[in-house]
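# Working through the structure, step by step
Listed below, chain by chain, are the residues.
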Amino acid sequence: MSKPAQKMILRGLQGLCLAFVLLACQRDSGIRVFDLIFPNIIFDIPAGLSGGLPRVYTLDNIATNIKAQLQSTGTDTTIITEIRPGTATMTALQNNVDWSFLQEVTIRICRDGSKECSSTQEAFYYQIIDNRRVLDRLLLTPSLPNARKTMIRDRFKLEVIFQVRPGMVSPTAIRTRLDLSFQAYRPE
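Let me begin by describing the structure that accompanies this report. These figures come from a predicted structure and were not determined experimentally.

### Here we look at the sheet that holds strand E2 (residues 55-63)
Pairing is antiparallel in the open sheet, where eight strands are placed in the order E1-E8-E3-E6-E5-E4-E7-E2. The two strands at the open ends of the sheet, each matched to only one other strand, are strand E1 (31-45) and E2. Averaged over all pairs of adjacent strands, the angle between strand axes in this sheet comes to 20°, irrespective of strand direction. Bridge count between E2 and strand E7 (residues 155-164): seven bridges; the pairing is antiparallel. Paired with Arg55 across the strands is Phe162, a residue of E7.

### Thoughts on the environment of Thr176
One can find Thr176 in strand E8 (residues 174-186). Overall, Thr176 belongs to the buried group, its relative accessible area being 0%. Distance in space between the C-alpha atoms of Thr176 and Phe43 is 5.4 Å, their sequence separation being 133 residues. Leave out the neighbours within four places in its chain, and Thr176 touches Ile41, Ile42, Phe43, Ile45, Met90, Thr91, Leu93 and Trp99. Polar side-chain contacts of Thr176 include one of 3.0 Å to the backbone oxygen of Ile174.

### Details of the state of the cysteines
Tallying each qualifying case throughout the model produces one disulfide. Put simply, Cys110 and Cys117 are joined by a disulfide, and their sulfur atoms are 2.1 Å apart. Between Cys110 and Cys117, the disulfide has an S-S torsion of -70° and is therefore left-handed. Looking at Cys117, the relative accessible area reads 2%, which means it is buried.

### Details of the side chain of Lys157
Relative to the helices and strands, Lys157 resides in strand E7. By relative accessible area, Lys157 is classed as buried at 5%. Of note is the side chain of Lys157, whose polar atom sits 2.6 Å from the backbone oxygen of Ser114. Excluding residues that lie within four positions of it along the chain, Lys157 makes contacts with Thr58, Leu59, Asp60, Arg108, Ile109, Cys110, Arg111, Asp112, Ser114, Lys115, Glu116 and Cys117.

### Digging into the pattern of salt bridges
Inspection of the entire model under this criterion finds six salt bridges. We note a salt bridge from Arg175 to Asp44, for which the minimum N-O separation is 3.1 Å. On the criterion of sequence distance, the pair formed by Arg175 in strand E8 and Asp44 in strand E1 is long-range, its members being 131 residues apart.

### Focus: the nonpolar core
One finds Met90, Trp99, Leu158, Leu180 and Phe182 to be the most contacted residues of the largest nonpolar core, which totals 42 residues. Taken together, the elements giving at least two residues each to this core come down to E1, helix H2 (66-73), strand E3 (82-92), strand E4 (102-111), strand E5 (122-127), strand E6 (137-142), E7 and E8. Per-element tally for this core: the top contributor is E1, with six residues.

### A closer look at the pairing of E6
Bridging between E3 and E6 involves four bridges; their strand directions are antiparallel. The residue bridging Met90 from the neighbouring strand is Leu138, located in E6. By the bridge criterion, two bridges tie E5 to E6 in an arrangement that is antiparallel. Looking at E6, one finds that Tyr125 is bridged to Thr141.

Here is what the cut-offs are and how they apply
- Residues numbered from 1 in each chain as written.
- Predicted model: local features only at pLDDT ≥ 70, side-chain atom pairs only at ≥ 80, totals over all residues.
- Heavy atoms only, no water.
- Pairing = 2+ DSSP bridges.
- Helix = DSSP H or I, 4+ residues; strand = E, 2+ residues; numbered from the N terminus.
- Axes fitted to C-alpha atoms, helices over the stretch in contact; angles between N-to-C directions.
- Buried < 20%, exposed > 50% of the residue type's maximum accessible area, 1.4 Å probe, protein only.
- Contact = heavy atoms within 4.5 Å.
- Polar contact = N/O pair within 3.5 Å; in protein donor to acceptor, adjacent residues only side chain to side chain.
- Disulfide = S-S within 2.5 Å.
- Salt bridge = Lys/Arg side-chain N within 4 Å of Asp/Glu carboxyl O.
- Core = buried A, V, L, I, M, F, W, Y, C linked by side-chain atoms within 4.5 Å.

These figures come from the coordinates and say nothing about function on their own.
Right, here's the structure in full:
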């Protein structure tokens, strides 16, 4: 490939990246009205998990407490245009946990009573790249742009999906605490 063609492709990629950044910045508009906080969701990652099919921890019938938040802020559901995933932290309740057997962790939310949440309902994720790390806390990245459709209801379903690295096995049962937050926004 010639140098001018390479430069043209590079400029095109730079322009595309700039467009993505500008679109991402538009999402920051709006006024945060309140937070929906879900602390201390306790579960066990069982010993003996191996690669292949992912393991799913499911918790149905979680109260959103949206009505209490709306009342305390004097807000109506029609004013809330977005509910964005905020933070998600997965903490091992024992010291020096070796998470290296995990390849990926995904958190999905969907309507209460659903058979299963779909991949389009992914609210947070974490991909473990360095397989030699020893951590006791994973900070997950928000991924779902707007969870309003699910979180505006009284209850929702939560799925935590663990993908184990091929050839690895979870060495021991790991008691884990999950803390989640979402932020509700209204237009400026």
